[in-house]
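Observations on the three-dimensional arrangement
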Amino acid sequence: MDHLPSIAGLERTRDTSEVPLGQRVDVVEREAVEASRNPIRRCRILAEARPLNAA
């Protein structure tokens, strides 16, 4: 991982995303989900993941 966001940064991203989207938002690092040892959890999250921004 080249970039590790701070917890405050992740919380700020979550908080600013919930209002425009009108629903609860979970913000996680894709690498953390991909490294999950639980295949059911991993597949479910990755199947429903939506990027907040694409650079």
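Numbering of residues starts from 1 in each chain and follows the order in which that chain's sequence is written. Only residues with pLDDT of 70 or above have their local features reported here, since the model is predicted, and side-chain atom pairs are shown and tallied only from 80 upward, although totals for entire chains, interfaces and linings are computed over all residues. Hydrogens and waters are ignored; side-chain quantities use all the structure's heavy atoms.

A look at the overall build of the protein chain
What the protein chain contains, in helices and strands, is three helices and zero strands. Within the structure as shown, the protein chain displays about 5000 Å² of accessible surface, and the carbon and sulfur contribution to it stands at 53%. Going along the chain from the N terminus, every DSSP run of H or I of four or more residues is numbered as a helix, and every run of E of two or more is numbered as a strand. The method behind every accessible area is Shrake-Rupley, applied with a 1.4 Å probe, and residues are considered shielded solely by the protein chains displayed.

Some remarks on the side chain of Ser36
Of note, Ser36 is situated in the loop between helix 2 (30–34) and helix 3 (39–48). Judged by its relative accessible area of 13%, Ser36 falls in the buried class. A polar contact of 3.2 Å, which involves the side chain of Ser36, links it to the backbone nitrogen of Asn38. Relative accessibility under 20% of the residue-type maximum defines a buried residue, over 50% an exposed one, and the middle range a partly exposed one, all with a 1.4 Å probe and only protein chains included. By the criterion applied in these results, polar contacts are pairs of N or O atoms within 3.5 Å in which, for protein atoms, one can donate a hydrogen and the other can accept it, and in which residues neighboring in sequence qualify only through two side-chain atoms.

Describing the environment of Val27
Mapped onto the elements of the fold, Val27 is located in the loop between helix 1 (7–21) and helix 2. Classification of Val27 by relative accessible area gives partly exposed; the value is 25%. When the C-alpha positions of Val27 and Pro51 are compared, they lie 9.8 Å apart, and in sequence the two are 24 residues distant. The residues touching Val27, leaving out its near neighbours within four places in the chain, are Leu10, Thr13 and Arg14. Whether two residues are in contact is decided by their heavy atoms, any of which lying within 4.5 Å being enough.

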